[in-house]
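Each chain, letter by letter, is given below.
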Amino acid sequence: MAEHIDKLNAPVLIGVGAAFDFHAGLKQQAPGWIQRCGLEWLFRLITEPKRLWKRYAFNNPLFLILLFAQVLGIKDYKTS
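Note that the structure is a prediction, hence the values are computed from the model and not measured. (Residues numbered from 1 in each chain as written. Predicted model: local features only at pLDDT ≥ 70, side-chain atom pairs only at ≥ 80, totals over all residues. Heavy atoms only, no water.)

**Considering the pattern of salt bridges**
In total, this model carries 3 salt bridges according to the counting rule given. Glu 48 is the partner of Lys 27 in a salt bridge, and the nearest nitrogen-oxygen pair spans 2.8 Å. With Lys 27 in the loop between α1 (19-23) and α2 (32-36) and Glu 48 in the loop between α3 (40-47) and α4 (49-71), this residue pair connects regions lying 21 residues apart in the sequence. In this structure, Arg 51 engages Glu 48 in a salt bridge whose closest nitrogen and oxygen atoms are separated by 2.8 Å. In this structure, a network of salt bridges that share partners links the residues Lys 27, Arg 44, Glu 48 and Arg 51. (Salt bridge = Lys/Arg side-chain N within 4 Å of Asp/Glu carboxyl O. Helix = DSSP H or I, 4+ residues; strand = E, 2+ residues; numbered from the N terminus.)

These results come straight from atomic positions and should not be treated as a statement about function.
As structure tokens, then:
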């Protein structure tokens, strides 16, 4: 969505992730106990490693670095 925001004429965009794929039966959803443990991301990585490895290998560490930078007061992300 972020990559195409300038091409869209929509007041609101809502990301639903794999919700439609789950409801259509195209992708298997993690078992309930995995969801309750907060490990659905790991289940998805194991079931789709070729597609998802880059997302988790690069985005997650970057998120943690930025989070700690904000917590430590090194970087401030102001909201408007």
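Now that the structure has been shown, the text picks up again.
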